[in-house]
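# What the coordinates show
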Amino acid sequence: MTPPYLSNFEQIHNEAIRLADYKMNEIRNIDEEYIINVLCAFVAVAYNKIQKYAEKYFGGFSNKINLFYNKLVMGRYDFVSGNISINPDIIFYEEDVFDEVLLHELTHSIYHDHRIEFWQHLQHLLYLEGLIKEEKEFRICEQSGSRAVYYGERKIGNNDQRLMMHFVENSGSDRYDNIEKLFRRVFYYQDILRYRKTGTSSYLIDDNNNFISMEPIWRKYALRYNIEPIFLLQMSCMDEDRMRKNSVNVNNYETFKPIQALE
């Protein structure tokens, strides 16, 4: 069975939850295509949203998107290239959180750090988009020889250059215990080895003992969602594919027979 075509954030969110809700032994047997399908659909939706926001507020966006996996950071803006990297963990949050992350990274095209002006600008955009109900004042107060920053009545930090905060209420991924295990399957070389019980590379073996690199699977779904021109496709597993191609030993592999849909 072919993974479903996913055209909007709600569909992507629900499919990711479906996959992550499987038990660990079931996740080990999911065909990687199901995970990569979700992630490529996510890139397509993210790019369309970035284009919409950029045309509306930032004069357009002509750069590329990448995916990266990190426990703490939801997005990154490259100040040299203008490319944006997105953490797929956002799939498991509400769509408003997703929209804030995209607007956050686009705002870095104007402000390269997290000074108060950055947060004021981002807050105004979120208000215009209806993602928050009101705009609050940022204040800097001298306290015992140091500067404390307040957002409305809430103290948010002591350094007005490197504040860290969010405006939209976070909700989502904490309740899905298998999220990291699911995504690490396609982002981290060592986990690819562990799940496939092999010892030499990140290549898979199909039923006919042919090598299956992860990169062609990514490219297949990048083509499906028409994101090849804008998707950087620089996951760590790609580098491992290239470096270890010549050291693959077919005798180290078990034939890969995934449970196709896990209905």
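Residues numbered from 1 in each chain as written. Predicted model: local features only at pLDDT ≥ 70, side-chain atom pairs only at ≥ 80, totals over all residues. Heavy atoms only, no water.

## Focus: the overall build of the protein
This is how it is decided: A run of H or I in DSSP becomes a helix once it reaches four residues, and a run of E becomes a strand once it reaches two; helices and strands are each numbered from the N terminus. Per-residue accessibility, obtained with a 1.4 Å probe over protein chains only, is compared with the maximum for each type, and a residue is labelled buried under 20%, exposed over 50%, and partly exposed between these values. Any two residues whose heavy atoms approach within 4.5 Å at even a single point are treated as in contact. All accessible-area figures derive from a Shrake-Rupley calculation using a 1.4 Å probe, and residue coverage is judged against the displayed protein chains alone.
Counting secondary structure elements, the protein contains nine helices and eight strands. Every one of the 263 residues in the protein was classed for burial, and the buried ones make up 53%. For the protein, long-range pairs separated by at least 24 residues make up 63% of all intrachain contacts whose partners lie at least 6 apart in sequence. Total accessible area computed for the protein in this model is approximately 13300 Å², and 44% of it derives from carbon and sulfur atoms.

## Some words on the nonpolar core
Definition in use: Only buried Ala, Val, Leu, Ile, Met, Phe, Trp, Tyr and Cys residues count toward a nonpolar core, and they belong to the same one when joined by side-chain atoms within 4.5 Å.
Counting residues in hydrophobic clusters, the biggest one holds 72 residues, and the most contacted among them are Ile91, Phe92, Phe167, Phe183, Trp218, Ile227 and Phe231. Among the elements that take part in this core, helix H3 (residues 32–58) stands out by supplying 17 residues, more than any other. Contacts of Ile227, omitting those with residues within four sequence positions, involve Cys40, Val43, Ala44 and Ala222.

## A look at the side chain of His13
One can find His13 in helix H1 (residues 9–20). Taking relative accessible area as the criterion, His13 reaches 12% and is therefore assigned buried. Those residues in contact with His13 that lie beyond four places of it in its chain are Ile91, Phe92 and Tyr93.

## With respect to the packing of aromatic side chains
We count it as follows: Ring geometry is summarised as follows: Phe, Tyr and Trp rings, the Trp one being its six-membered ring, pair when their centres sit within 6.5 Å, and such pairs are stacked at plane angles under 30 degrees, edge-to-face over 60 and tilted between the two.
Counted under the stated rule, the structure contains 10 aromatic pairs. Residues Phe9 and Phe98 carry aromatic rings whose centres are separated by 5.0 Å and whose planes lie at 20° to one another, so their mutual orientation is stacked. Placement of Phe9 in helix H1 and of Phe98 in helix H4 (residues 95–107) is noted, with a sequence separation of 89 residues between them. For the pair formed by Phe9 and Phe98, the shared burial category is buried. Their ring planes at 65° and their centres at 6.3 Å tell us that Tyr47 and Phe61 sit as a pair that is edge-to-face.

## Things to note about the side chain of Asp113
Defined as follows: Polar contacts, as used here, are pairs of N or O atoms within 3.5 Å; protein pairs need one atom able to donate a hydrogen and one able to accept it. Residues neighboring in sequence count only if both atoms are side-chain atoms.
With respect to the helices and strands, Asp113 occurs in the loop between H4 and helix H5 (116–128). The class of Asp113 is buried, set by a relative accessible area of 18%. At 2.9 Å, the side chain of Asp113 and the side chain of Arg115 are in polar contact.

## Things to note about the packing of H3 against H4
Applicable threshold: Note on geometry: axes are lines fitted to C-alpha atoms, helical ones only across the stretch in contact, with angles between N-to-C directions running from 0 to 180 degrees. Angle categories: roughly parallel below 35 degrees, roughly antiparallel above 145, roughly perpendicular from 65 to 115, and oblique for all the rest. Handedness of a crossing follows from how the near helix is turned relative to the far one, being left-handed for an anticlockwise turn of less than a right angle and right-handed for a clockwise one. Throughout, the ten residues Ala, Val, Leu, Ile, Met, Phe, Trp, Tyr, Cys and Pro are labelled nonpolar, Asp, Glu, Lys and Arg are labelled charged, and all others, Gly among them, are labelled polar.
Contact pair H3 / H4: the axes reach a minimum separation of 10 Å and the direction vectors enclose 55°. By the angle between their directions, the pair H3 and H4 is classed as oblique. Two packed elements cross with a definite hand, and for H3 against H4 that hand is right-handed. Two secondary-structure elements touch here, H3 through Phe42, Val45, Ala46, Lys49, Ile50, Tyr53, Ala54, Tyr57 and Phe58 and H4 through Glu95, Phe98, Asp99, Leu102, Leu103, Leu106 and Thr107. Here the residues of the contact of H3 with H4 sort into 12 nonpolar, one polar and three charged.

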